[in-house]
Amino acid sequence: MVLREYMARMDGQDPEKALELVEPGFRFLIALPGGRRSGQSREEFAAYIAGRQAVDRTHEIKRYAVDGDVETAYGFVVEKGVTTGAFLSAAQVSPHGLMARYQSFFTTDFDLVDRP
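Procedures and definitions
- Residues numbered from 1 in each chain as written.
- Predicted model: local features only at pLDDT ≥ 70, side-chain atom pairs only at ≥ 80, totals over all residues.
- Heavy atoms only, no water.
- Helix = DSSP H or I, 4+ residues; strand = E, 2+ residues; numbered from the N terminus.
- Buried < 20%, exposed > 50% of the residue type's maximum accessible area, 1.4 Å probe, protein only.
- Pairing = 2+ DSSP bridges.
- Axes fitted to C-alpha atoms, helices over the stretch in contact; angles between N-to-C directions.
- Contact = heavy atoms within 4.5 Å.

*Asks:* A description of unusual backbone geometry should follow, citing residues and the corresponding values.
*Replies:* Phi angles above zero are rare outside glycine, and K80 is one such case at about 50 degrees. By the element assignment, K80 lies in the loop between β4 (70-79) and β5 (82-93). For K80, a relative accessible area of 65% translates into the label exposed.

If you want it as structure tokens, here you go:
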């Protein structure tokens, strides 16, 4: 269940520890209301992490599923105690148990399930 661990590390004090969970050829797409970020390596993902603003943010997973080598998670992003939007994320897991590919969509104006 690498996707849960990835989100916990991204929410922690040292989000760079999430890099330990991705393959060297990691490919990613993160779609946010203000634009999207994508890359094709662990190094490009490290640059994405370094460019994120430090905030009190958590990803509260409400639904989670595993089907073969794909994990999915749906939930809410909470910043400083306020729910700011919903995310739907998926990861393809390598035979080594690391994330090989990752895509995440975040929206502030639509919820698939009701907010808590």
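Now, onward.
*Asks:* Help me get a handle on the sheet that holds β5, residues and values and all.
*Replies:* Taken together, the six strands give an open sheet; going across it, the order is β2-β1-β6-β5-β4-β3, and neighbouring strands pair in mixed fashion. This sheet does not close on itself; its edge strands, each paired only once, are β2 (35-39) and β3 (57-67). Strand-to-strand twist across the sheet, computed as the mean angle between neighbouring axes with direction ignored, equals 15 degrees. In this sheet, β4 lies alongside β3 in antiparallel orientation, the contact comprising 10 bridges. Paired with I61 across the strands is G75, a residue of β4. The sheet strands contacting helix α1 (residues 2-11) are β3, β4, β5 and β6 (99-107), and the helix crosses β3 at an angle near 170 degrees. This element, helix α2 (residues 42-51), spans β1 (22-32) and β2 of the sheet and lies at about 45 degrees to β1.

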